[in-house]
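Next come the chains, spelled out residue by residue.
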Amino acid sequence: YTADLFFPGVIVLGYTLRKFNATRKRDMILLIPENAINNSHHLRMLKDIGWTFLYVKPMAFPDKVQPRLVDGLVKLYAWTLTQYK
């Protein structure tokens, strides 16, 4: 989750996963870059649906990366979640 632009999709995804019991005994983890969400109402709604927030630091890259791809690279943090199988 990198911007409020993605909020509606994340809400629908979380609601749908919970509705059909797809997350039974599983955490729904939402990777969020620090300072990406400033809307407390959005955060509360996401938490109410069942998302667990994991705040991550913005990545530094040794070379140039297309700006439109920088936010999408947040998903690379998923490989560091050693507490999950």
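These figures come from a predicted structure and were not determined experimentally. (Residues numbered from 1 in each chain as written. Predicted model: local features only at pLDDT ≥ 70, side-chain atom pairs only at ≥ 80, totals over all residues. Heavy atoms only, no water.)

Engineer: Please explain the packing of helix H1 (residues 7-19) against helix H2 (residues 40-49) as it appears in this structure.
Structural biologist: For any two helices packed against each other, the geometry comes down to the angle between their axes and how far apart the axes lie. The N-to-C vectors of H1 and H2 enclose an angle of 15°; their axes lie 9 Å apart at closest approach. When the interaxial angle is binned, H1 and H2 end up roughly parallel. Relative to H2, the crossing made by H1 is left-handed. Two secondary-structure elements touch here, H1 through Phe 7, Val 10, Ile 11, Gly 14, Tyr 15 and Arg 18 and H2 through His 42, Met 45, Leu 46 and Ile 49. (Axes fitted to C-alpha atoms, helices over the stretch in contact; angles between N-to-C directions. Helix = DSSP H or I, 4+ residues; strand = E, 2+ residues; numbered from the N terminus. Parallel < 35°, antiparallel > 145°, perpendicular 65-115°, else oblique. Left-handed = near helix turned anticlockwise from the far one by under 90°. Contact = heavy atoms within 4.5 Å.)

Engineer: Looking at this model, I keep getting lost on the packing of aromatic side chains. Mind explaining?
Structural biologist: What characterises a pair of aromatic rings is the spacing of the ring centres plus the angle enclosed by the ring planes. For the structure on display, the rule yields one aromatic pair. Their ring planes at 65° and their centres at 6.2 Å tell us that Phe 53 and Tyr 55 sit as a pair that is edge-to-face. On the accessibility criterion, Tyr 55 (45% relative accessible area) is partly exposed. (Phe/Tyr/Trp six-rings, centres within 6.5 Å; stacked < 30°, edge-to-face > 60°. Buried < 20%, exposed > 50% of the residue type's maximum accessible area, 1.4 Å probe, protein only.)

Engineer: Explanation requested: the pairing of strand E2 (residues 51-56) in the structure shown.
Structural biologist: The two faces of a sheet get side chains in turn, since along a regular strand they alternate between them. Note that strand E1 (residues 28-33) and E2 share six bridges and pair parallel. Bridging from a neighbouring strand, Met 28 pairs with Trp 51 of E2. Once you follow E1 into H2 and on to E2, the crossover reads as right-handed. (Pairing = 2+ DSSP bridges. Right-handed = clockwise from strand over helix to strand, strands pointing away.)

Engineer: I'm lost on the nonpolar core in this one. Help?
Structural biologist: Most often, soluble globular proteins have nonpolar side chains that are buried together. Membership of the largest hydrophobic core is limited to eleven residues, which are Phe 7, Val 10, Ile 11, Met 28, Leu 30, Ile 32, Ile 37, Leu 43, Leu 46, Trp 51 and Phe 53. Mapped by element, the contributors of at least two residues to this core are H1, E1, H2 and E2. (Core = buried A, V, L, I, M, F, W, Y, C linked by side-chain atoms within 4.5 Å.)

Engineer: What exactly am I supposed to notice about the environment of Arg 18 here?
Structural biologist: Looking at the secondary structure, you find Arg 18 in helix H1. On the basis of relative accessibility, which here comes to 34%, the residue Arg 18 falls in the partly exposed class. Residue contacts for Arg 18: discarding those within four places in its chain leaves Thr 23, Arg 26, Met 28, Ile 49 and Gly 50. Within polar-contact distance, the side chain of Arg 18 engages the backbone oxygen of Ile 49 at 3.4 Å. (Polar contact = N/O pair within 3.5 Å; in protein donor to acceptor, adjacent residues only side chain to side chain.)

Engineer: Just checking my understanding: could you explain H2 for this structure?
Structural biologist: Helical periodicity: at 3.6 residues per turn, an α-helix aligns residues three or four positions apart in one direction. Of all the positions in H2, only His 42, Leu 43 and Leu 46 are classed as buried. The buried residues of H2 all sit within an arc of 100° when viewed along its axis, so they share a single face. Within H2, the exposed residues directed more than 90 degrees away from the buried face are Ser 40 and Asp 48. Residues of H2 that are buried in the fold lie against H1, E1 and E2. Between the side-chain oxygen at the start of H2 and the backbone nitrogen of His 41 there is a gap of 2.9 Å, and the oxygen is on Asn 39. Positive phi appears at Gly 50, one or two residues downstream of H2, with a value of about 125°. (Arc of directions from axis to C-beta.)

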